[in-house]
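Residue-level structural notes
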Amino acid sequence: MSALGSTSSTSYGKTITVAVLLFILLTFSFTDLRYQTWLRLYEFFLWLETTPFGVIGKTWGAVFAVVEAIHLLAMALLGGAVIVGDARLLGWLFIDVPAREILDKAHKVFVVGLTVVLITGIFMACGVAGKIYWLPVFWYKMLALATGIFFVFFIRRPLLRHPLEEIHPRVTKLIAISSMLLWFTVAATGRWIGFAGS
Amino acid sequence: MINELIYDFAIWLDDSAWSTLLHESYYMYNWVESIHVLTLVVCLGMLFMIDLRMLGYALPNVPASNIARRLNMPMLIGFAIMFITGILLFYAVPVRTSQSVWFRVKMILLVACAVNAYLFHRRMNESVSSWDHDTKAPDRIRFGAIFSLGFWSLVVICGRLVAYDWFDCEYTDSDNFSQLLSGCIAGQERF
Amino acid sequence: MNDSKWDDRTIAAASSSVIILGALLYYWVGEGQSMLELLELAYGSVKFFNNPLVF
């Protein structure tokens, strides 16, 4: 039995969830469903531009620019936390410090960074909703971001509640590498939104 | 006088073939720009971790010197990449950038960051053994950390604002204040 | 094998990591290929120092 009591050794809730989500995602991607949903979201994106966030973002370029800069700064915080945590998992940094210590504290910084990134990100999205709706790179970024949030809170954190010695070392390395690449992708596709629209 | 020198230097850079090539190439320019921005995560991410440790917010149970020593290398690597790509970005658009008030403020702030970093390191090396395991660093170090966070945040904000053309010499012909702010040259023909 | 265990969380973590890595690799390789195709289309060869969006 696990210490938290939520999962017994015989339940496979998380594994099944991952499988179901993968199935839904694949169905979504390779059927007409994706296109239909995209069409229906157009109204929503037009509405986003009329919200206070959208109006402010479109009216005052200076506000938009400063929010963008805060978005970047929060991204640095998020990225710093990801790098420190993953580097510890890979054994690159702080191997003399207990992993629990690094991972828990880095996660707290991560949550602060993510919160600010999300709030400023929603603000920016409202200001340019009519533009980003048409950019594939925006939708890839959203998919990567959603995957990242799911991965961190549903997969990575619960796994790391185990003592690190009890986790198979290859699994530890695997989650560290996929996490770094995933957040890199979120940041890189985010930057490309700016280029793709011009 | 100094504005003329800067302008002449920018024109000289602008005249080189590679500057134009870099400026006009979609992938190369955007890659350099992306690398510049994404390395921010490595450089400032590490720096923020160090600063937040000194303030007692991040990793309070790990010795301060341990954090500073370990994160220093990735931070410096990130900084070096940002520095090189930053020079390339300037090189690609020299005239407009050198006459951007945001860019000028950013350069001054970077000098402030460097001085602050130097003082921070010196104070830290002098005294760290006496407070290494404390959750919060002493006041002097904490001020250094706060200045570091503040200066670098302003650097990022100014950097972001360089992209906006509110005070550009090219578009503010009749606006004397903007012309003064951006160090425009009377009758300049290139922007 | 040591005392590491393959419980629900571990299997979920391993499988989702593999899926994520595969998907990201697929995405980035695809992006690279479409970029090369665009450059090829624009110039008949791969030139990075030019703007394929301006003919």
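Residues numbered from 1 in each chain as written. Chains lettered and ligands numbered in written order. Predicted model: local features only at pLDDT ≥ 70, side-chain atom pairs only at ≥ 80, totals over all residues. Heavy atoms only, no water.

Side note on the UniProt feature "transmembrane region" (unreviewed entry) in chain B
All names here are of chain B. So the rule is basically this: UniProt positions are given in the numbering used here, feature names are shortened, and annotations may be inferred rather than shown by experiment. Where helices and strands are cited, they refer to DSSP runs of H or I of at least four residues and of E of at least two residues respectively, numbered from the N terminus.
In this numbering, the UniProt entry assigns the feature "transmembrane region" (unreviewed entry) to residues 28-50, 71-95, 101-120 and 141-163. A helix fraction of 96% and a strand fraction of 0% characterise residues 71-95, whose end C-alpha atoms lie 36 Å from each other. A helix fraction of 91% and a strand fraction of 0% characterise residues 141-163, whose end C-alpha atoms lie 34 Å from each other.

Comments concerning the environment of Ala137(B)
Residues and elements named next belong to chain B. Quick reminder of the rule: Only protein chains enter the area calculation, which uses a 1.4 Å probe; residues under 20% of their type maximum are buried, those over 50% are exposed, and those in between are partly exposed. The contact definition used throughout considers only heavy atoms, calling two residues in contact when any of these lie within 4.5 Å.
You can see Ala 137 is positioned in the loop between α6 (101-131) and α7 (139-161). Accessibility expressed as a relative area gives 3% for Ala 137, which makes it buried. For the pair Ala 137 and Val 111, spaced 26 residues apart in sequence, the C-alpha to C-alpha distance is 24 Å. Ala 137 has contacts with Met 54, Trp 131 and Arg 142, leaving out every residue within four places of it along the chain.

Let's talk about the UniProt feature "domain: DUF6644" (unreviewed entry) in chain A
Using the residue numbers shown here, the UniProt feature "domain: DUF6644" (unreviewed entry) corresponds to residues 44-196 of chain A. Helix makes up 86% of residues 44-196 of chain A and strand makes up 0%, while its end C-alpha atoms are separated by 21 Å.

A closer look at a nonpolar patch on the surface
All names here are of chain A. Condition: By definition, no residue in a patch forms a salt bridge, and every one has over 30% relative accessible area; like charges are joined within 9 Å, nonpolar side chains (Val, Leu, Ile, Met, Phe, Trp, Tyr) within 5 Å. To measure how exposed things are, a 1.4 Å probe is used in the Shrake-Rupley method; for residues, cover is taken only from the protein chains shown. For this analysis, a salt bridge means a side-chain nitrogen from Lys or Arg found within 4 Å of a carboxyl oxygen belonging to Asp or Glu.
Where nonpolar side chains cluster on the molecular surface, the patch consists of Tyr 12, Ile 16, Val 20, Leu 21, Phe 23 and Ile 24 and spans about 580 Å² of accessible area. Relative to the assigned elements, Ile 16 resides in helix α1 (residues 13-29). Ile 16 sits in the exposed class, given a relative accessible area of 52%.

A few points about the packing of aromatic side chains
Our working definition: Stacked, tilted and edge-to-face pairs are distinguished by plane angle, under 30 degrees for stacked and over 60 for edge-to-face with tilted covering the rest, among Phe, Tyr and Trp rings (Trp via its six-membered ring) whose centres lie within 6.5 Å.
Per the counting criterion, the structure on display carries 35 aromatic pairs over all chains. An angle of 50° between the planes, with centres 5.4 Å apart, marks the rings of Phe45(A) and Trp139(A) as tilted. Placement of Phe45(A) in helix α2 (residues 33-50) and of Trp139(A) in helix α7 (residues 136-160) is noted, with a sequence separation of 94 residues between them. On the numbers, 5.3 Å between centres and 85° between planes, the contact of Trp18(B) with Phe49(C) is edge-to-face. Pair noted here: Trp18(B) is in helix α2 (residues 17-24) and Phe49(C) is in the segment after α1 (8-43), and the two residues belong to different chains. Residue class for Phe49(C) comes out partly exposed when judged on its relative accessible area of 27%. Ring pairing ties together the aromatic residues Tyr35(A), Trp38(A), Tyr42(A), Phe44(A), Phe45(A), Trp47(A), Tyr133(A), Trp134(A), Phe138(A) and Trp139(A), which thus form one cluster.

Structural notes on the UniProt feature "transmembrane region" (unreviewed entry) in chain A
All names here are of chain A. Those residues carrying the UniProt feature "transmembrane region" (unreviewed entry) are residues 12-33, 45-67, 73-97, 109-132, 138-155 and 175-194 in this numbering. Within the segment residues 12-33, helix and strand shares are 82% and 0% respectively, and the terminal C-alpha atoms sit 29 Å apart. Taken as a whole, residues 175-194 contains 100% helix and 0% strand, while its terminal C-alpha atoms sit 29 Å from one another.

What to know about unusual backbone geometry
The general pattern is negative phi for most residues beyond glycine and trans for most peptide bonds. In this structure, Phe94(A) is a non-glycine residue whose phi angle is positive, near 55°. Considering the arrangement of structural elements, one finds Phe94(A) in the loop between α4 (61-90) and α5 (99-127). One non-glycine residue, Leu59(B), lies in positive phi territory at about 50°. Turning to its location among the elements, Leu59(B) is positioned in the loop between α3 (26-55) and α4 (64-92).

Quick notes on the interface of chain C and chain A
As a reminder of what qualifies: Two parts placed together each lose some accessible area under a 1.4 Å probe, and adding up what both lose gives the buried area. Pairing of N or O atoms within 3.5 Å defines a polar contact, subject to two protein rules: one partner must be a possible hydrogen donor and the other a possible acceptor, and residues neighboring in sequence count only if both atoms are side-chain atoms. Throughout, the ten residues Ala, Val, Leu, Ile, Met, Phe, Trp, Tyr, Cys and Pro are labelled nonpolar, Asp, Glu, Lys and Arg are labelled charged, and all others, Gly among them, are labelled polar.
Of the residues lining the interface, 23 residues belong to chain C; the matching set on chain A comes to 34 residues. Taken together, the two surfaces of chain C and chain A that pack against each other cover about 2,600 Å², and 72% of this comes from carbon and sulfur. Counting across the chain C and chain A interface gives zero salt bridges. Summed over the shared surface of chain C and chain A, the number is seven residue pairs in polar contact (both at pLDDT 80 or more). A per-class count over the side of chain C that touches chain A returns 13 nonpolar, five polar and five charged.

Observations concerning the interface of chain B and chain A
Contact residues are listed per partner, giving 34 residues for chain B and 34 residues for chain A. Surface buried jointly by chain B and chain A totals about 2,900 Å² across both partners, of which 80% is contributed by carbon and sulfur atoms. Across the chain B-chain A interface, the total number found is three salt bridges. In this structure, Asp96(A) and Arg70(B) form a salt bridge, with 3.1 Å as the shortest nitrogen-oxygen distance. Our count for the chain B to chain A interface comes out at four residue pairs in polar contact (both at pLDDT 80 or more). For the side of chain B that touches chain A, the elements supplying multiple residues, two or more each, are α3, α4 and α7 of chain B. Residues belonging to the side of chain B that touches chain A are distributed by class as follows: 25 nonpolar, six polar and three charged.

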